[in-house]
Amino acid sequence: MNGKGGKDFKLNVLNSLKVRLIASALLLILVLMPLIGLTLNDAFKMQIKSALKNELSAYLYSVLASTEVDNNQLLMPEQLLENQFNVIQSGLYALISITKLDDSGSTEKASQLAPESNQAAFAIAWHSDSFLGLAVPGELPHPATGKSEFSEMALAGQGYFIYSLSVSFAQPGNADEQFPITIHILKDQADFQQQAKLFSRQLWKWLLILMVLLIIVQSAWLLWTLKPLASFTQELSDIEHGRAKQLTEVYPVELQAVARQLNTLLNTEQSQRKRYRNALADLAHSLKTPLAVIRSQKGLSRAVSEQVSIINNIIGHQLKRAQTAAGSSWYLGVKITSVADKLVRSLAKIYREPQIVIEQNVDQQAVFKGDESDLMEILGNVLDNACKAAKSQVLLTVSTAEDCLVIIVEDDGKGISAQQRTQIFERGMRADSYQQGHGIGLAIVGDLVASYNGQLSVAQSEKLGGAKFKFSFNESCGILHP
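*Asks:* Give a detailed account of the packing of helix 2 (residues 17–66) against helix 4 (residues 190–240), specifying residues and quantitative values.
*Replies:* Between helix 2 and helix 4, whose axes approach to 9 Å, the crossing angle comes to 160°. Taken as axis vectors, helix 2 and helix 4 run roughly antiparallel relative to one another. Pair helix 2 / helix 4 crosses with right-handed handedness. Here the contact of helix 2 with helix 4 is built from residues that sort into 27 nonpolar, five polar and three charged.

*Asks:* An account of the packing of aromatic side chains is requested, with residue identities and associated values reported.
*Replies:* What the rule picks out here adds up to eight aromatic pairs. Seen from their ring centres, F44 and F199 are 3.8 Å apart, and the 10° between their planes marks the pair as stacked. Of this pair, F44 sits in helix 2 while F199 sits in helix 4, placing them 155 residues apart in sequence. A relative accessible area of 24% means that F44 is categorised as partly exposed. Classification of F199 by relative accessible area gives partly exposed; the value is 26%. Taking the centre distance of 5.8 Å and the plane angle of 75° together, the rings of Y93 and F131 count as edge-to-face. With Y93 in strand 3 (residues 92–99) and F131 in the loop between strand 4 (122–127) and strand 5 (148–155), this residue pair connects regions lying 38 residues apart in the sequence. In this structure F131 comes out as buried when scored by relative accessible area, which is 2%. Grouped by ring-pair contacts, the aromatic residues Y93, F131 and Y160 constitute a single cluster.

*Asks:* Outline the nonpolar core, supporting the account with residue identities and numerical values.
*Replies:* By size, the foremost hydrophobic cluster in this structure holds 40 residues, and its most contacted members are I336, L379, V394, L396, I407, F469 and F471. For this core, the secondary-structure elements that each account for two or more residues are helix 7 (336–350), strand 9 (357–362), helix 8 (372–389), strand 11 (393–401), strand 12 (404–411), helix 10 (441–451) and strand 14 (467–474). Here this core takes seven residues from helix 8, the largest share from any one element.

*Asks:* Describe the packing of helix 7 against helix 8, and please don't skip the residues or the numbers.
*Replies:* Between helix 7 and helix 8, whose axes approach to 10 Å, the crossing angle comes to 40°. Taken together, the axes of helix 7 and helix 8 are oblique relative to one another. Crossing hand, helix 7 versus helix 8: right-handed. Across the interface between the two elements, I336, V339, K342, L343 and L347 from helix 7 touch E372, L375, M376, L379, G380, L383, D384 and C387 from helix 8.

*Asks:* Explain unusual backbone geometry to me, using residue names and the numbers behind them.
*Replies:* One non-glycine residue, N72, lies in the positive phi region at around 60°. Looking at where N72 falls in the secondary structure, it is placed in the loop between strand 1 (68–70) and strand 2 (73–75). For N72, a relative accessible area of 12% translates into the label buried. Of note, A156 is a non-glycine position whose phi angle comes to about 55°, a positive value. Turning to its location among the elements, A156 is positioned in the loop between strand 5 and strand 6 (158–171). A156 sits in the exposed class, given a relative accessible area of 67%.

*Asks:* Break down the side chain of T397 for me, citing the residues and quoting the values.
*Replies:* Positionally, T397 belongs in strand 11. Ignoring anything within four residues of it in the chain, the contact list for T397 reads N361, V406, I407, I408 and E410.

*Asks:* Describe the pairing of strand 13 (residues 455–460), with residues and values.
*Replies:* When strand 13 meets strand 14, the two strands line up antiparallel, connected through six bridges. Bridge pairing in strand 14 places V458 opposite F469. In textbook terms, the turn of a hairpin is the stretch between consecutive antiparallel strands, and for strand 13 and strand 14 this stretch comprises six residues, one of which, G465, has a positive phi near 90°.

*Asks:* Could you give an account of the sheet that holds strand 12, naming the residues involved and the relevant values?
*Replies:* Strand order in this open sheet of five strands is 9-11-12-14-13, and the pairing throughout is mixed. Whereas interior strands pair on both sides, the edge strands pair on one side only; in this sheet they are strand 9 and strand 13. Taken over all neighbouring pairs, the strand axes of this sheet differ in orientation by 15° on average, direction set aside. Here strand 12 pairs with strand 14 via seven bridges, running antiparallel. Bridging across to strand 14, E410 finds its partner in K468. Packing of helix 7 onto the sheet brings it into contact with strand 9, strand 11 and strand 12, and relative to strand 9 it is tilted by some 175°. In this fold helix 8 packs onto strand 9, strand 11, strand 12 and strand 14, with an angle of close to 25° to the strand it touches most, strand 12.

*Asks:* Outline empty space enclosed by the protein, supporting the account with residue identities and numerical values.
*Replies:* Inspection of the entire model under this criterion finds two cavities of 30 Å³ or more. Empty space within the second largest cavity amounts to approximately 30 Å³. In terms of lining residues, the second largest cavity is bounded by S62, V63, S66, L80, L81, E82 and F85. Class assignment of the residues belonging to the lining of the second largest cavity gives a composition of four nonpolar, two polar and one charged.

Calculation rules
Residues numbered from 1 in each chain as written. Predicted model: local features only at pLDDT ≥ 70, side-chain atom pairs only at ≥ 80, totals over all residues. Heavy atoms only, no water. Axes fitted to C-alpha atoms, helices over the stretch in contact; angles between N-to-C directions. Helix = DSSP H or I, 4+ residues; strand = E, 2+ residues; numbered from the N terminus. Parallel < 35°, antiparallel > 145°, perpendicular 65-115°, else oblique. Left-handed = near helix turned anticlockwise from the far one by under 90°. Nonpolar A, V, L, I, M, F, W, Y, C, P; charged D, E, K, R; others polar. Phe/Tyr/Trp six-rings, centres within 6.5 Å; stacked < 30°, edge-to-face > 60°. Buried < 20%, exposed > 50% of the residue type's maximum accessible area, 1.4 Å probe, protein only. Core = buried A, V, L, I, M, F, W, Y, C linked by side-chain atoms within 4.5 Å. Contact = heavy atoms within 4.5 Å. Pairing = 2+ DSSP bridges. 1 Å grid on protein atoms, 1.4 Å probe; cavity = no way out; pocket = protein on both sides within 12 Å on 5 of 7 lines; lining within 4 Å. Points joined across faces, edges and corners; volume = space filled by probe spheres on them.

Here you go:
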């Protein structure tokens, strides 16, 4: 496919309503469904995090309920109610830290309670048994007193959720002396990630199934919606190829007016063409009768007889031009094989002495986009002339390629010289090898071909050695492909 052909193909595709509707439906599905999936996935993760936050908050308050401070010393029970805090590295940990404000006695006491305290601005005053064997994190959140904070952090190369709450214990008998602590509850993200992964896998699985179902339903819906247009196109094609004369299907309301107007147009055109041809036939008879009377008179000079013959030929030629159906060729169509077979049978009976063999190589599906009488006139004249000029053989070839209809007529006669190739299409001119006729047949052929926007060329036949007449038409609209 050349560049122009590819560009035309792309334009035709973009101008198709079916392609536009299918593309828009696919775009809507392929964009909307992933957005819905991402939104649902994020909403599910937020919901899980919210549930985890509430869970960690409950754990924290259970630890806080077990926490006591006496004489600036933190007192914790050996075992907590939640058993996961008592199992080493269970994935659920509780920590209590004291903020390092200065080098006063409170920090020193905290250090005495937590030998594993780090160099940061806090000291770990206590941790649950489940935290044994793990390194103290380098940084922990410390919200303001009475505030809580939910966040994520990394511990020992794994992700954790952490919920922290800062509280302050007042000393008995001295309300001004406070003992601030921050309780931290840590839970690994393994369960969260597993739930999120399982939900995501199920979500995308069902969304993919839903997308496929939507595509199938949308395609079926579009095909059902566009079915009347497909029927309309098929009926127009049948009319164009001569298989039908009118639109007969029952169409939706939106297409009924178009179908009705088109049928009216077809009926009107056919009636007008019929009346026009009848009027021309009447004119021909009315003119030929006086001419026949004149020609039958005795004693006419040779010059008068020649002029009368010329007038008669001109009338026949102009009538043929006026009667051509080239202007209506878009909805006319006739298979060339049927016309060619009739002509070959008739010519075989006429040219018996000497016997002329007319060989056919005709594409069975080739269609002439025009009136049958016009095709009969074109092929009849050219084949008749070929039989007159041939010694023993005539070849008719009809082919279609790239929407171009090509008709070739060849003979094994003397051929036509380069000078004669332009003259034989003029009225009254004929090749020297033609022994009969008045010389207007090829002129009529030339006018008919021109009326269908076709091209007619004459050359030397490579196969038979005589004349070669070549006609080229575009099948779809009667326009020539040069």
